[in-house]
Each structure stands twice: as C-alpha cells, then as structure tokens.
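For reference, the chains in residue letters:
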Amino acid sequence: MESAGRKAGLKFIRDRLHTFLRLHGYALFSSLGDLWRAPVMTFMTLLVIAVTLALPLTFYLTLANLQRLSGTLDESWKVSLYLDPKLNERDAKPLVARLRKQDAVASVELIDKDTGLAKFRHDSGFGDVLKALPENPLPVVIEISPRPQWESPERLAELVTEWEKLPQVDFAQWNMHWLQRLRAWLQLAERGVVMLGALLSLTVLLVVGNTIRLELENRHEEIEVMKLLGATHRFIRRPFIYSGFWYGASGGLMALTLVWGLSIMMRSPARSLADMYGTSFTIDFLTFTEWLSFAGFSVALGVMGAWLVVTRHLWQLRV
Amino acid sequence: MLQFDQVTKQYPGSGEALKGVSFRIERGEMVFITGHSGAGKSTLLRLTALIERPSRGNILLNGKNVTRLPNRKIPFVRRRIGLIFQDYRLVHYRTVYDNVAMPLLIAGYGPDEIDRRTRAALSKVGLAGLERRFPITLSGGEQQRVGIARAIVSRPPLILADEPTGNLDPDLSMEIMAMFREFNQVGVTMMVVSHDQELVSRFAGRVLHLEQGRLVDG
C-alpha cells in the first residue's frame, strides 16, 4: 500500500518534470526560431549589445593590466638624491658617510658620473646622442634605501624634504611618490569604469527590453489568443525570457571575442615596449572566473530586460 | 454546468450591459443566445469565459463560484472551455496545424499526443491535408473550421461560440451549425451567440433572448 503510494508519487514527480522540461524546451527552441526568422535584425541588435558591453570591458581590462604593471614596480622605496652637477664623487664621500649614520637609512649607494652614464646609455637607448656631448652632463647620484620602519609614504616624505634641504643636493627623486600618484589615478579611473559600466549595462537592459517590446507588439494578437486559450502568464513570458537569454549570452560572447581580439592586437606592441624597458610585462586577457562572471552578468542583463518588459505588457492585457 | 445568478455588468462610463441576468444551463444542453447587437450577448459570453468580471451577482461554472477567482487561476478554467470567434482569431504567421495544436501546447501535452489530437480535430472539421497551409490562403469557411478545430482539440466539456457564422454565407452557416449539433450529440455543452433568428429557429435548442441587457422569453 505504502509502496504503491510512493510509486504514484514518483510517477507524479516524473510527469511534472517531463512537462516542465517539455515547456522549457518548447520556449528555448521557439525563441531561437523567432530570432532566426529575422537574422539581420537579430544580428544588428546583437552587435549593439556586444559593442556596448565591449566598451567597459576594454576599460576594465586596460585598468587591470595597468594595476598589475604598477604592482611589478613595487620594489622601490629607494630615494635618489641628485647632487649639484658641479660636485664630483670625492665631494660626495663625506655626505655618504653622514647619511649612513642616520637611523632611517638601511644602505647608501654612490653612483658616480661614469656609472650613471653607462646605465643611462643602456636603459634609454640614447647612447649615440650622449656620445656627441663634449662632457658627461650627469650629476653624481646617491641612492638611499630606507629601513623598513620608514617605508610609508608619509614618513619617507618627511625624510625626503630634509634631505632636499642639504646644500649639496640638487633634488631628490622618489619612485614611490609617482607610484602613489599613479595609484591614485588608477583608483579614480576604476571608479569611472564602474560608473561607465553601470550606465552601459543599463543601456544593454534598455536595448534588450526595447527589442523584446517590439516583438511583443508584433505578436500582440497571438498573445491575446494564447491567453484566451488558457495560457498562463508564465507560459507566454517564457519564450521572451529565453530570447533575452539568447541576446545576453550571444551579445556577451561577441563582446568577449571583440575584446579578446583587441588584446591580441595589443599584445605584440606591448611586448616590444616592455622589452625596451627591460621588463617582461605582457597583456593578460580575463581569467576564467572573470570571463564567466562577465558572461553571467550579460545573460542576467538580457533576462532581466526581457522579464521587465514582458511582465509590464502582460499586466496591461485586458483579456 | 453554468449558472448566472442576478449578474449585472456595468462598463465604466456607460450604462449597464447586463441587468440582473439569471439562468442555468445543464450539462449536454444546446443553448442559443439571441438578441440585437448591443443587447448584451457578447458581454454574457465574455463573462462566462472570465474575460470580464461581473459588477454584481455570481457566476457558477461546474458548481464552482468563479466570480472572484484569482487571476492566476483563470487560465486553468479557460482550458476547459472551447472558444470560437466571429473573426476566427487565428495566428496568421502560424500554420493551420500550429494554430490548432496551440491549446495542447499550452496545456503541456507531449508531442505524440499533440500530433494525434491535432490531426483528429482537423479531420473532424474536414480539413485533413491542409495542415501545412497558412490561414490566409484559406476561405472564410475554412478559416472558421480551423477555429472550431482549435476549440475542440482539447475536448472541453463546454464550447462558447460568439457569432460563429456572422461572416459566412447561409450555406456555410448551416454547415457550421450542423457541426455544432454533432458535438452536442456526443455530450458537449454548446452555447452559441447569434443575432440570426432564422438560422437559430431551424435548430432544436433552448433560446435565451436578450433585450437591452435583460433576459426575455424567446
């Protein structure tokens, strides 16, 4: 008795599942068929969605790569003191000794004019130009590495102002300083990308919504008939939601392909630029997780746009 | 089967389309609803199909009061009612087959069942072989028969026909009416709205005559 009941229960669940899958299968393929029936319009719409999504994605990718680049430049809390060009190594020696004794200083390195020139020639690629100069124009440079306790922008800034006041010092250059500024700019840019992304996401929502709305208007009569024949709102809504799904998914994939192509095109010039600077920086495309979340986000936009429009339309129906 | 109990329908901004209408239709009956245009025939049908709600009074379908049925439950009531319209209301970019199969698709039938029933309904109305045609390529009489096939395909116990012969010539009208009688003979309750008194008088069946929103003895 009990097992018969359970069997009937299982059959009920199986039948429900069958019906569920059938209804969704119908919606899935009928929506695909509807899109396929107007290929040019569908393609145009997809292109609009793809370009709209590709824009913030490109910015995001650029930013992510810049942030990674700024991360690789992290090593240097070093401060370079450029001495008065009239001074030579011998004049610098006492200053080096005095600096070594300071609490804040971990190590000091003296770079004489010749070493500096050789280094500059190697790094900049202006070697031949420099050869044409009658004498070495570079000053003596003292490179100071601070102790770890002083490795904070505020504390180091204090030290640097002090060192700049020394009579022998022409000016101090401090990598962390411009790095800090770069990071601040990047942060600002990040905000911008987020806001731009939000606006353009809204655009995609509206594009999908408007496309579905046109489709609803074209099929207004059929929808009314379906309602009269006993269709639930869910049944009527389903194919349109799937249309939204297809728009979101295909538009998202097109955007990914577009941006991926761009990143490939940028890769080789970026590499030669990096080679010139002696770093091994390469442009990275999205990670798998990023890739997936972007696709998911784009699908969500499509589905949401469709849902909003269809639900509104169904509310207004008078049958 | 169907019971109206003091039903009044008032459309906003206009008079009462139905005024305290009461009647009862038993299972298996054939009922004609007659009257001049504007007498409230269509309103009566729209109330039965739950397209409109009454302003006052109660409507019972199968002994169940549907007057205040929540909107989300209406589709399931409509699946047990076959609707036939004066203007056929076919979907023009779908084939005859797809039009007729629609109620089954909506109700979630399996593909084999849909195919079997759709073909059976089409052959019952004499349209077998026209499955792949589009409604626009058919004559008015044929289009109405597609509409009828769609109404009977899910074998509803009640069929409502709103001026089904309004756009057809007398011969075709007779044909359609004969078809309705056949359905009635196998137990389907038929409710046919028509302003054509002469056509109605040729068929046996109860007549509900409406005049200015009130039932009068026909």
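Residues numbered from 1 in each chain as written. Chains lettered and ligands numbered in written order. Predicted model: local features only at pLDDT ≥ 70, side-chain atom pairs only at ≥ 80, totals over all residues.

Now for the interface of chain B and chain A. Interface size is often expressed as the accessible area that is lost when the parts come together. Tallying the contact residues gives 15 residues for chain B and 15 residues for chain A. Contributing elements (two or more residues each) for the side of chain B that touches chain A: helix 2 (74-78) and helix 3 (96-107) of chain B. Tallying contributions element by element places helix 3 of chain B first for the side of chain B that touches chain A, with five residues. By residue class, the composition of the side of chain B that touches chain A is ten nonpolar, two polar and three charged. (Contact = placed C-beta atoms within 7 Å. Helix = DSSP H or I, 4+ residues; strand = E, 2+ residues; numbered from the N terminus. Nonpolar A, V, L, I, M, F, W, Y, C, P; charged D, E, K, R; others polar.)

Turning our eyes to something else, we now look at the sheet that holds strand 4 (residues 56-61) of chain B. All names here are of chain B. Spatially, four strands are ordered 2-1-4-5 in an open sheet, and the strand pairing comes out antiparallel. Each edge of the open sheet carries a strand with a single partner, namely strand 2 (16-25) and strand 5 (64-65). In this sheet, strand 2 lies alongside strand 1 (residues 2-10) in antiparallel orientation, the contact comprising six bridges. By the bridge assignment for strand 2, Val7 is matched with Val21. (Pairing = 2+ DSSP bridges.)

With that settled, the discussion passes to the domain arrangement of chain A. Taken domain by domain, chain A holds domain 1 (25-73 + 181-316) and domain 2 (79-150). For domain 1 of chain A and domain 2 of chain A, the distance between their C-alpha centres works out to 53 Å. (Domains from an automatic or database assignment.)

Right, let's get into helix 10 (residues 288-316) of chain A. For helix 10 of chain A, built from 29 residues, the straight-helix expectation of 42 Å at 1.5 Å per residue is met to within 8% by its first-to-last C-alpha distance of 42 Å. For helix 10 of chain A, the set of buried residues is Phe294(A), Ser298(A), Val299(A), Leu301(A), Gly302(A), Val303(A), Gly305(A), Ala306(A), Val309(A) and Val310(A). (Expected span 1.5 Å × (residues − 1). Buried ≥ 20, exposed ≤ 12 C-beta atoms within 10 Å, placed from the backbone.)

Take unusual backbone geometry next. All names here are of chain B. At Asn62, a position not held by glycine, the phi torsion is positive, near 55°. With respect to the element layout, Asn62 can be found in the loop between strand 4 and strand 5. Classification of Asn62 as partly exposed rests on a count of 13 C-beta atoms within 10 Å. Despite not being glycine, Arg155 has its phi angle at roughly 50°, a positive value. Mapped onto the secondary structure, Arg155 falls in the loop between helix 5 (140-152) and strand 7 (158-162). With 14 C-beta atoms counted inside 10 Å, the residue Arg155 sits in the partly exposed group.

Turning our attention to the pairing of strand 1 (residues 79-83) of chain A. Residue and element names in this part refer to chain A. Because side chains alternate across strand 1, one face comprises the buried residues Val79, Leu81 and Leu83, and the other comprises Ser80 and Tyr82, none of which is buried. One ladder, built from five bridges, connects strand 1 with strand 4 (residues 169-174); its direction is antiparallel. Paired with Leu81 across the bridge in strand 4 is Ala172. Bridge analysis of strand 1 against strand 3 (residues 141-146) gives four bridges, and the strand direction is antiparallel. Directly across from Val79, in strand 3, lies its bridge partner Ile144.

Core analysis: the largest hydrophobic core is formed by 61 residues, its most contacted members being Met226(A), Val100(B), Ala149(B), Ile159(B) and Leu160(B). With eight residues, the top contributor of residues to this core is helix 3 of chain B. When neighbours within four sequence positions are excluded, Ile159(B) is seen to be in contact with Gly82(B), Ile84(B), Ala151(B), Phe183(B), Val188(B) and Met190(B). By size, the runner-up hydrophobic cluster in this structure holds 30 residues, among which are Leu53(A), Phe245(A), Val303(A) and Ala306(A). (Core = buried A, V, L, I, M, F, W, Y, C linked by C-beta atoms within 7 Å.)

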